Amino acid sequence: MGEGEDNAEEPQIISITMPPPFHHHDKKQAALHVLRRGRRRRREEEEKEEEEEDHDDVKKEEEEEEEREEVERKIEALKKIVPGGESVEGVEKLFDETAGYILSLRCQLNTLRALAAFFHNNLHQNTN
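Rules behind the numbers
- Residues numbered from 1 in each chain as written.
- Predicted model: local features only at pLDDT ≥ 70, side-chain atom pairs only at ≥ 80, totals over all residues.
- Heavy atoms only, no water.
- Helix = DSSP H or I, 4+ residues; strand = E, 2+ residues; numbered from the N terminus.
- Buried < 20%, exposed > 50% of the residue type's maximum accessible area, 1.4 Å probe, protein only.
- Areas by Shrake-Rupley, 256 points an atom, 1.4 Å probe, with all protein chains shown as cover.
- Salt bridge = Lys/Arg side-chain N within 4 Å of Asp/Glu carboxyl O.
- Phe/Tyr/Trp six-rings, centres within 6.5 Å; stacked < 30°, edge-to-face > 60°.
- Patch = residues over 30% accessible without salt bridge, like charges linked within 9 Å, V, L, I, M, F, W, Y side chains within 5 Å.
- Lys, Arg positive; Asp, Glu negative; His and termini not counted.
- Charge placed at Lys NZ, Arg CZ, Asp CG, Glu CD.
- Contact = heavy atoms within 4.5 Å.

K.L.:
How should the overall build of the protein be read in this particular structure?
P.N.:
Each helix and strand counted, the protein has two helices and zero strands in total. Here the protein, with 128 residues, has 5% of them falling under the buried criterion. In the structure as shown, the protein presents an accessible area of about 12400 Å², 52% of it carried by carbon and sulfur atoms.

Next comes the structure, spelled out in structure tokens:
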């Protein structure tokens, strides 16, 4: 083609839209967002754990209170069973009195068994 020809095609202009440049500032903001989100999640998890611990602590305290009340009921019942137990001051003294009472009952039981065996044997000897 020659110099004077008008058939030369004009170059086409293509329009390409480029995304806005990702500046260093944007990277920093994105990283901060990720860090904040991570901190927020950790904080939420910690708060949840603390709430669960608080709930567990309250539950333990309630259970301990119920146990104390049960022990107190049993001590009051023991005071009513042991002779003189209602006038005894202090749990240690009440336990000592209870131990003495149990030994006394055991001795009485052994005595009654011996008497029952004695009379049983005498009854059989007299009938023969």
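Read on for the rest.
K.L.:
Looking at this model, I keep getting lost on the pattern of salt bridges. Mind explaining?
P.N.:
Opposite charge on two side chains lets them pair, provided their charged atoms get close. Scanning the model with the defined rule gives five salt bridges in all. Across the pair Arg-73 and Glu-70 runs a salt bridge, and its minimum N-O distance is 2.5 Å. Here the residue Arg-73 and the residue Glu-70 both occupy positions in helix H1 (residues 24-81), the gap between them amounting to three residues, near one helical turn. A salt bridge links Glu-76 to Lys-79; the nearest nitrogen and oxygen atoms lie 3.9 Å apart. Here Lys-79 and Glu-76 lie together in helix H1, a separation of three residues that amounts to about one turn. The buried category is assigned to Lys-79, whose relative accessible area is 19%. Here the salt bridges do not stand alone but share partners, grouping Glu-70, Arg-73 and Lys-74 into one network.

K.L.:
What exactly am I supposed to notice about the packing of aromatic side chains here?
P.N.:
For any two aromatic rings, the description comes down to two numbers: the centre-to-centre distance and the angle of the planes. Scanning the model with the defined rule gives one aromatic pair in all. Seen from their ring centres, Phe-118 and Phe-119 are 5.4 Å apart, and the 70° between their planes marks the pair as edge-to-face. Given a relative accessible area of 53%, Phe-119 falls into the exposed group.

K.L.:
Just to check I follow, could you spell out a nonpolar patch on the surface for this structure?
P.N.:
A contiguous nonpolar patch, built from Leu-112, Leu-115, Phe-118 and Phe-119 and spanning about 440 Å² of accessible area, is present on the exposed surface. Positionally, Phe-118 belongs in helix H2 (residues 91-127). With relative accessibility at 47%, the residue Phe-118 sits in the partly exposed group.

K.L.:
Could you clarify how one ought to interpret a positive patch on the surface in this entry?
P.N.:
There is a patch of like positive charges on the surface, built from Arg-36, Arg-37, Arg-39, Arg-40, Arg-41, Arg-42 and Arg-43. Relative to the elements of secondary structure, Arg-37 occurs in helix H1. What makes Arg-37 partly exposed here is its relative accessible area of 30%.

K.L.:
How should the side chain of Thr-98 be read in this particular structure?
P.N.:
Tracing the backbone shows Thr-98 in helix H2. The residues contacting Thr-98, other than those within four sequence positions of it, are Leu-78 and Val-82.

K.L.:
Which parts of the structure should I look at to understand the environment of Glu-97?
P.N.:
Structurally, Glu-97 can be placed in helix H2. The sequence separation of Glu-97 and Lys-79 amounts to 18 residues, and the corresponding C-alpha distance is 9.6 Å. The contacts of Glu-97, once residues within four sequence positions are left out, are Val-82 and Val-88.

By themselves, these figures tell us nothing about what the structure is for.
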